[in-house]
Amino acid sequence: MRYKLLGRTGIRVSELCLGTMTFGEAWGWGAAKEESGRILEAFAEAGGNFIDTANRYTDGESENIVGELIAGDRDHWVLSTKYALNTRPDDPNAGGSHRKNLARSLDASLKRLGTDHIDLYWVHIWDAFTPVEEVMRALDDAVRAGKVLAVGISDTPAWLVSQANTIADLRGWTPFAGLQVPYNVVERTVERELLPVARGLDLTVTAWGPLAGGLLTGRYGTDRPRPDSGRIAGQSSYSDLFLNERNLRIADALNAVAEARGVSTAQAAIAWVRAQQHRASIVPIVGARTAEQMAANLGVLDVHLTEEELAALDEVSRIEAGFPYDFPGRRLAYGDTFDLIDAPGLKIDA
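Residues numbered from 1 in each chain as written. Predicted model: local features only at pLDDT ≥ 70, side-chain atom pairs only at ≥ 80, totals over all residues. Heavy atoms only, no water.

- By the naming in an unreviewed UniProt entry, the chain is Aryl-alcohol dehydrogenase-like predicted oxidoreductase, taken from Allonocardiopsis opalescens.

This is how it looks when you write it as structure tokens:
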């Protein structure tokens, strides 16, 4: 396992992040504490030190289990959790990114995790009602109080991420160090705005859903019988989102790459995400329900897709950039001189 700097901080995080939404049985499909411990142990033995959880995962059970499992060596781990999702549907202040919910949620997470600080505190989803200045100042106060070391933002429009960090920089507040988004060979729309923002602002991207909810595990394809069980098959919302002709063709291409390489489709899917480092500093979030699944996923550390394999997958999964990225304006701006201009350190997409 190698390590990356977390955004513009000096915190070192492993190149894979352990997702713990499967820790706990409150939702009916997760891992018990003992199995969660084996999953964590496999991740640690591979060199992993970066854990992702949230106050809503398995109704708080995930945080409880994570806290108990890492208590003996808390300082070794880069521990991240999240707030902002509503925890009481009848209470308008029990969700959102405002100061009241932040204070309540942070103290509750610290108690469940059994620690006095969070290494990386995520805003789980943006709150349209709360001014960005309130969010960034409240997060900065949590950092100054020593309860939080770094902050991140998840599932939020790119322009809001940029606005938030610009305001934080101008006012001397703590800016976001990380950006969490869904990213896989099927879901590439974040390449339009969010990954360029992350690259431009030096945000580390933690990519959730690298297996597209189970679509990219080898169980699905245009010529494969559809499973009766699993996250996609069991929920109509996921079925409608993932099981369409385009996505199944992508699954076919990924299955073919995996079979030719003698690796699992899941490993090939995570390897594809890891291969996108030219777009931003990306850390895939890998999860599992069993230690065996985690060990298999960790095998991706030895899987490096070739340029030919990446090109084949890009061909079947490529998305339209959209305006203004596909506007043929280069000649209008540079004439015939674009390739004659040396600009060291300037990142320009071809």
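Don't stop here, the text continues.
## Details of the packing of aromatic side chains
Argument step 1. One pass over the structure, following the stated rule, counts 5 aromatic pairs.
Argument step 2. Taking the centre distance of 6.0 Å and the plane angle of 50 degrees together, the rings of Trp-27 and Trp-29 count as tilted.
Argument step 3. For the ring pair Phe-323 and Phe-327, a centre distance of 5.7 Å and an interplane angle of 70 degrees mean the geometry is edge-to-face. (Phe/Tyr/Trp six-rings, centres within 6.5 Å; stacked < 30°, edge-to-face > 60°.)

## Some remarks on helix α3 (residues 99-113)
Argument step 1. In this model, α3 (15 residues) spans 21 Å end to end at C-alpha, consistent with the 21 Å of a helix rising 1.5 Å per residue.
Argument step 2. Asn-101, Leu-102, Ser-105, Leu-106, Ser-109, Leu-110 and Leu-113 are the residues of α3 that are buried. For α3, the angular spread of buried residues about the axis comes to 150 degrees, placing them on one side. Set apart from the buried face of α3 by more than 90 degrees, the exposed residues are Lys-100 and Lys-111. (Helix = DSSP H or I, 4+ residues; strand = E, 2+ residues; numbered from the N terminus. Expected span 1.5 Å × (residues − 1). Buried < 20%, exposed > 50% of the residue type's maximum accessible area, 1.4 Å probe, protein only. Arc of directions from axis to C-beta.)

## Here's the deal with the side chain of Lys-4
Argument step 1. Considering the arrangement of structural elements, one finds Lys-4 in strand β1 (residues 3-5).
Argument step 2. In this structure Lys-4 is buried but unpaired, with Glu-15 as the nearest side chain of opposite charge at 6.7 Å.
Argument step 3. Engagement of the side chain of Lys-4 in a polar contact is seen with the side chain of Gln-277, the distance being 3.0 Å.
Argument step 4. When residues no more than four places from it in sequence are discounted, the contact partners of Lys-4 are Ile-11, Arg-12, Val-13, Gln-277, Ser-281, Ile-282 and Val-283. (Lys, Arg positive; Asp, Glu negative; His and termini not counted. Salt bridge = Lys/Arg side-chain N within 4 Å of Asp/Glu carboxyl O. Polar contact = N/O pair within 3.5 Å; in protein donor to acceptor, adjacent residues only side chain to side chain. Contact = heavy atoms within 4.5 Å.)

## Section: the sheet that holds strand β10 (residues 281-286)
The pairing of strands in a sheet happens through backbone hydrogen bonds and is either parallel or antiparallel.
Argument step 1. Within the closed barrel, the 8 strands sit side by side as β3-β4-β5-β6-β7-β8-β9-β10. Their pairing is parallel. Neighbour-to-neighbour, the strand axes of this sheet turn through a mean angle of 30 degrees, independent of strand direction.
Argument step 2. The pairing of strand β6 (residues 118-123) with strand β7 (residues 148-154) spans 5 bridges and is parallel. Within β7, the residue paired with Trp-122 across the bridge is Gly-152. (Pairing = 2+ DSSP bridges. Axes fitted to C-alpha atoms, helices over the stretch in contact; angles between N-to-C directions.)

## Here's the deal with unusual backbone geometry
Argument step 1. Following Phe-323, the chain continues to Pro-324 via a peptide bond in cis, the omega torsion being 5 degrees.
Argument step 2. Summarising the element assignment, Pro-324 is placed in the loop between α12 (307-317) and α13 (330-334).
Argument step 3. Residue Asp-59 is not a glycine yet carries a positive backbone phi of 55 degrees.
Argument step 4. Checked against the element boundaries, Asp-59 lands in the loop between β4 (50-52) and α2 (61-70).
Argument step 5. The exposure class of Asp-59 is exposed, given its relative accessible area of 56%.
Argument step 6. The phi torsion at Asp-155 lies on the positive side, around 50 degrees, for a residue other than glycine.

## Considering α12
Argument step 1. Among the residues of α12, Glu-309, Leu-310, Leu-313 and Ser-317 are the ones counted as buried. The arc that holds the buried residues of α12, viewed along the axis, is 95 degrees, so those residues lie on one side. Exposed and facing more than 90 degrees away from the buried side of α12 are Glu-307, Glu-308 and Glu-315.
Argument step 2. Contact partners of the buried residues in α12: α9 (245-261) and α10 (265-274).

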